[in-house]
Amino acid sequence: MEPDVFPDPFIGFWYVMTTITTTGYGDYVPETVIGRLYGLFLYFFGIGLIGIVIGKIVEGYGLFRKLKEEGKLKFNGHDHYVIIGWSNKAHHTMNELLEIDEHAKIVIIPKRPIENETLVYIQGR
């Protein structure tokens, strides 16, 4: 450790946090312990806030996928086909619809038989 640059562990910690958060050094830097403590608080608060926001976005996307897979999302679309019940005949019909239009919207009630981007599954009757 260099005693001239880092006279105590707090100053060393201050430099580490400033480097990690990539705030670097500009024209204005706190010189008092209170100022540096406030700066450290802002570092941690900023990192925590960004972590929470990113976490909530990921959690929301995961919840959306789960609800979609379980058929618990509302479908408010238009220009779509509805298949009620699942059988070999329904599967054949779905394949024919997708051959005609690969982007056709197909709503299946009451179970999700296969994974496909164009299928919407709705749980219920």
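Residues numbered from 1 in each chain as written. Predicted model: local features only at pLDDT ≥ 70, side-chain atom pairs only at ≥ 80, totals over all residues. Heavy atoms only, no water.

1. Details of the packing of aromatic side chains
Quick note on the threshold: Here the aromatic set is Phe, Tyr and Trp, taking the six-membered ring for Trp, and pairing holds for ring centres within 6.5 Å; pairs whose planes are under 30 degrees apart are stacked, those over 60 apart are edge-to-face, and all others are tilted. Starting at the N terminus, helices and strands are each numbered in turn, a helix being any DSSP run of H or I of at least four residues and a strand any DSSP run of E of at least two.
Going through the model one piece at a time under the given rule, you end up with two aromatic pairs. Taking 6.4 Å as the distance between ring centres and 25° as the angle between the ring planes, the aromatic pair formed by Phe 13 and Phe 44 counts as stacked. Pair noted here: Phe 13 is in helix α1 (residues 9-20) and Phe 44 is in helix α2 (residues 33-70), with a separation of 31 residues, a long-range link. Judged by centre distance (5.9 Å) and plane angle (20°), the rings of Phe 41 and Phe 45 are stacked. Here Phe 41 and its partner Phe 45 are both found in helix α2, four residues apart, which amounts to about one turn of the helix.

2. Structural notes on α1
The criterion, for reference: By this rule, a helix spans an expected 1.5 Å times one less than how many residues it contains. The cut-offs for exposure are 20% and 50% of the maximum accessible area for each residue type, with area from a 1.4 Å probe on protein chains only; residues under the lower value are buried, those over the upper are exposed, and the others partly exposed.
A rise of 1.5 Å per residue sets the reference length of α1, with its twelve residues, at 16 Å; its end C-alpha atoms lie 16 Å apart and thus fit the reference within 8%. Residues of α1 that are buried: Ile 11, Gly 12, Trp 14, Met 17 and Thr 18. One or two steps after α1, the chain reaches Thr 22, where phi turns positive at roughly 55°.

3. Thoughts on α2
Spanning 38 residues, α2 covers 54 Å between terminal C-alpha atoms, matching the ideal 56 Å at 1.5 Å per step. Among all positions in α2, only Arg 36, Gly 39, Leu 40 and Tyr 43 are buried. At the exit of α2 stands Gly 71, carrying a positive phi of roughly 75°.

4. Digging into the nonpolar core
Filter applied, for reference: Each nonpolar core is a collection of buried residues, namely Ala, Val, Leu, Ile, Met, Phe, Trp, Tyr and Cys, held together in the definition by side-chain atoms within 4.5 Å.
In terms of nonpolar packing, the biggest core is built from seven residues, these being Ile 83, Ala 90, Met 94, Leu 97, Leu 98, Ile 106 and Ile 108. Elements with a contribution of two residues or more to this core: α3 (88-100) and β2 (105-109).

5. Some thoughts on the pairing of β2
Put simply, the rule is: The pairing criterion is simple: DSSP has to find at least two bridges between the two strands. Seen with its strands pointing away from the viewer, a crossover is right-handed when the path leading from the first strand over the helix to the second is clockwise.
The element β2 is largely enclosed, with a buried count of four among its five residues. Where strand β1 (residues 80-84) lies against β2, five bridges are found, and the strand directions are parallel. Bridge pairing in β2 links Ile 84 to Ile 109. Considered for its hand, the β-α-β crossover made up of β1, α3 and β2 is right-handed.

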